[in-house]
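Survey of secondary and tertiary structure
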Amino acid sequence: MELDSEWMKIKIDPWGSFLVKDYEKLIGQYGLEPFADKLLNRIPDPNKLMRRKVVFAHTDLGRVVDAILHKKEFYALTGIMPTMDKIHLGTKLVIENMKYFQEHGAKTFVLVADLEATATREVSLKEGRKRALDFHIPAYLALGLDPKKTMFYFQSENESVKNLAFIFSNKITLNEYRAIYGNTDPPRIMSSILQAGDILFPQSEKKMPGVVPVGPDQSVHILLARDIANRTKSKFDFFPPSGLYHKFTPSLDGDMKMSKSKPQSCITIPDDIDDACKKIKKALSGARKTLADHRKYGAVPERDMSFQLLTQHFIEDDKKLKRLYDEYKSGRMTTGEIKDITCEELIRFMEDFERKMKKAKKIIPKLKFIR
Ligand code: TRP
């Protein structure tokens, strides 16, 4: 996408609570590419999010797939917003994709967006740092990133990233910024240009393709970084970064995105297990109104929020998931049974997370941060 594109119909506000009713529309308006079978079939051992099309779009991922297939250097990068003491279930999807790339040879970068958090959410640098070290970084390790193969940094401590941001700042006009983001608040402008610095920073040491896996609300940042890469070609000659976009984990009441503003419909990591299971019991179900109808007509698993959790988060084995799908869709299995399974899987996940978290916390003092 070029910066001077016309005003868009779906406004993506990466700092707002953004809902996408229609992922197809988003693809059309933002110039994302659908995650089609042709690409999927080239990806070695795709993870469950890719296989199940929870990953729904990409930008220029072919470049990264080529690097994987030809064993060339590439990188994967993500950022932590240290605003809360918990993470959102959706963050688990980002880490799962990061882990995929890490296991397929990516140089892996995880940054703490402490400057963004202070500019946009008034979290002090000290507070952001503490939260990142006490919770977010160990959580990312507990979710599967390899501490030996992951490079971490704080935005506030990375001089190269900040320098890049200043150089990039004259590559975009206010009108172009407004066309992409819909507003021109200075803290947001500073944060998105800094984020372009984050996204391109790994190439300042060595030019290589890179991928940033994100939820759709962050896609605008990738598009901006791509434009900046193109506009600084004569100076830096960076590859425009690739993007990989996954669907949101839906809210338990059936809205498109889980949000902490609706605690009854939101599961966090960690979460109180009894509480989480109670929420699942009340979640939007894909079953019929009466058991007789359910047995006769069967359920609509696609509309069932527990089933969505199983698909996106808790069941690795495709055959097992398919079996549950068929049983539920045919009406042989009830919504109560599906919810029980979801709850069991969730408990297993949360307990495993706690265990891994304890281990990960011990590693934190040994981590080295890029400065
Ligand atoms: N803006 C991101 C968020 O709100 C955090 C972030 C900063 C980030 N720099 C990044 C994410 C670079 C991906 C890549 O979560």
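Residues numbered from 1 in each chain as written. Predicted model: local features only at pLDDT ≥ 70, side-chain atom pairs only at ≥ 80, totals over all residues. Heavy atoms only, no water.

1. Let's talk about helix H17 (residues 335-363)
- With 29 residues, H17 should cover 42 Å at 1.5 Å per step; its first-to-last C-alpha distance of 42 Å lies within 8% of that length.
- Along H17, the positions that sit buried rather than exposed are Ile338, Lys339, Ile341, Thr342, Cys343, Glu345, Leu346, Phe349, Met350, Phe353, Met357 and Ala360.
- Taken together, the buried residues of H17 touch helix H5 (89-103), helix H7 (125-142), strand S9 (268-269), helix H13 (273-282), helix H15 (305-314) and helix H16 (318-329). (Helix = DSSP H or I, 4+ residues; strand = E, 2+ residues; numbered from the N terminus. Expected span 1.5 Å × (residues − 1). Buried < 20%, exposed > 50% of the residue type's maximum accessible area, 1.4 Å probe, protein only. Contact = heavy atoms within 4.5 Å.)

2. A word on the state of the cysteines
- One pass over the structure, following the stated rule, counts one disulfide.
- With no disulfide of its own, cysteine 266 lies closest to cysteine 277 among cysteine sulfurs, the gap being 15 Å.
- Residue classification places cysteine 266 among the buried positions, given a relative accessible area of 3%. (Disulfide = S-S within 2.5 Å.)

3. Things to note about the packing of aromatic side chains
- Going through the model one piece at a time under the given rule, you end up with 14 aromatic pairs.
- A centroid spacing of 6.1 Å and a plane angle of 80 degrees characterise the contact between phenylalanine 109 and phenylalanine 201, whose relative ring orientation is edge-to-face. Taken together, the residues span a long stretch of sequence, with phenylalanine 109 in strand S5 (residues 107-112) and phenylalanine 201 in the loop between helix H10 (186-200) and helix H11 (202-205) at a distance of 92 residues. An identical accessibility class is assigned to phenylalanine 109 and phenylalanine 201; each is buried.
- Within the aromatic cluster, the residues linked to one another by ring pairs are Tyr75, Phe109, Tyr153 and Phe201.
- Looking at lysine 92, its charged tip hangs above the ring of phenylalanine 349, at a distance of 5.1 Å from the centre. (Phe/Tyr/Trp six-rings, centres within 6.5 Å; stacked < 30°, edge-to-face > 60°. Lys NZ or Arg CZ within 6 Å of the ring centre and 35° of its normal.)

4. Side note on the site of the ligand
- Leu77, Gly79, Met81, Leu111, Ala113, Glu116, Gln155, Gln195, Asp198, Ile199, Val212 and Gln218 make up every residue found near the ligand.
- Between glutamate 116 and the ligand, the recorded distance is 2.9 Å, taken from a side-chain N or O atom to a nitrogen atom.
- Glutamine 195 is positioned with one of its side-chain polar atoms (N or O) 2.8 Å from a nitrogen atom of the ligand.
- For the ligand, the protein covers 89% of the area, taking 370 Å² as the surface of the free molecule. (Near = heavy atom within 4 Å. Polar contact = N/O pair within 3.5 Å; in protein donor to acceptor, adjacent residues only side chain to side chain. Areas by Shrake-Rupley, 256 points an atom, 1.4 Å probe, with all protein chains shown as cover.)

5. A look at a positive patch on the surface
- A surface patch of positive charge is lined by Lys358, Lys359, Lys361 and Lys362.
- Relative to the assigned elements, lysine 362 resides in helix H17.
- Take lysine 362: its relative accessible area is 62%, and that puts it in the exposed class. (Patch = residues over 30% accessible without salt bridge, like charges linked within 9 Å, V, L, I, M, F, W, Y side chains within 5 Å. Salt bridge = Lys/Arg side-chain N within 4 Å of Asp/Glu carboxyl O. Lys, Arg positive; Asp, Glu negative; His and termini not counted. Charge placed at Lys NZ, Arg CZ, Asp CG, Glu CD.)

6. Quick word on the sheet that holds S5
- Taken in spatial order, the eight strands make up an open sheet running S1-S2-S8-S7-S3-S5-S6-S10, and their pairing is mixed. Each edge of the open sheet carries a strand with a single partner, namely strand S1 (33-34) and strand S10 (369-370).
- Bridge analysis of strand S3 (residues 75-80) against strand S7 (residues 210-214) gives two bridges, and the strand direction is parallel. If you follow tyrosine 75 over to S7, its bridge partner there is glycine 210.
- Those strands touched by helix H1 (residues 23-30) are S1 and strand S2 (55-59), and its axis lies near 5 degrees from that of S2. (Pairing = 2+ DSSP bridges. Axes fitted to C-alpha atoms, helices over the stretch in contact; angles between N-to-C directions.)

7. Digging into the pairing of strand S6 (residues 150-154)
- In terms of burial, S6 is a largely internal element, four of the five residues being buried.
- With five bridges joining them, S5 and S6 adopt parallel strand pairing. Of the residues in S6, the one forming a bridge with valine 110 is phenylalanine 152.
- Bridge analysis of S6 against S10 gives two bridges, and the strand direction is parallel. Each residue of the ladder has a partner; that of phenylalanine 152, found in S10, is phenylalanine 369.

8. As for helix H12 (residues 219-231)
- Taking 1.5 Å as the rise per residue, H12 with 13 residues should run 18 Å; its terminal C-alpha atoms sit 19 Å apart, in good agreement.
- Among the residues of H12, Ser219, Val220, His221, Ile222, Leu223, Leu224, Ala225, Arg226, Asp227, Ile228 and Ala229 are the ones counted as buried.

9. Re the pattern of salt bridges
- Under the counting rule described, the total for this entry stands at 31 salt bridges.
- Two residues, glutamate 316 and lysine 48, come together in a salt bridge whose shortest N-O distance is 2.8 Å. Residue glutamate 316 is found in the loop between H15 and H16, and its partner lysine 48 is found in helix H3 (residues 48-51); the two are separated by 268 residues along the sequence.
- Residue class for lysine 48 comes out buried when judged on its relative accessible area of 2%.
- Across the pair lysine 262 and aspartate 253 runs a salt bridge, and its minimum N-O distance is 2.9 Å.

10. A short note on the environment of phenylalanine 135
- Looking at the secondary structure, you find phenylalanine 135 in helix H7.
- The buried category is assigned to phenylalanine 135, whose relative accessible area is 10%.

None of this, on its own, says anything about what the molecule does.
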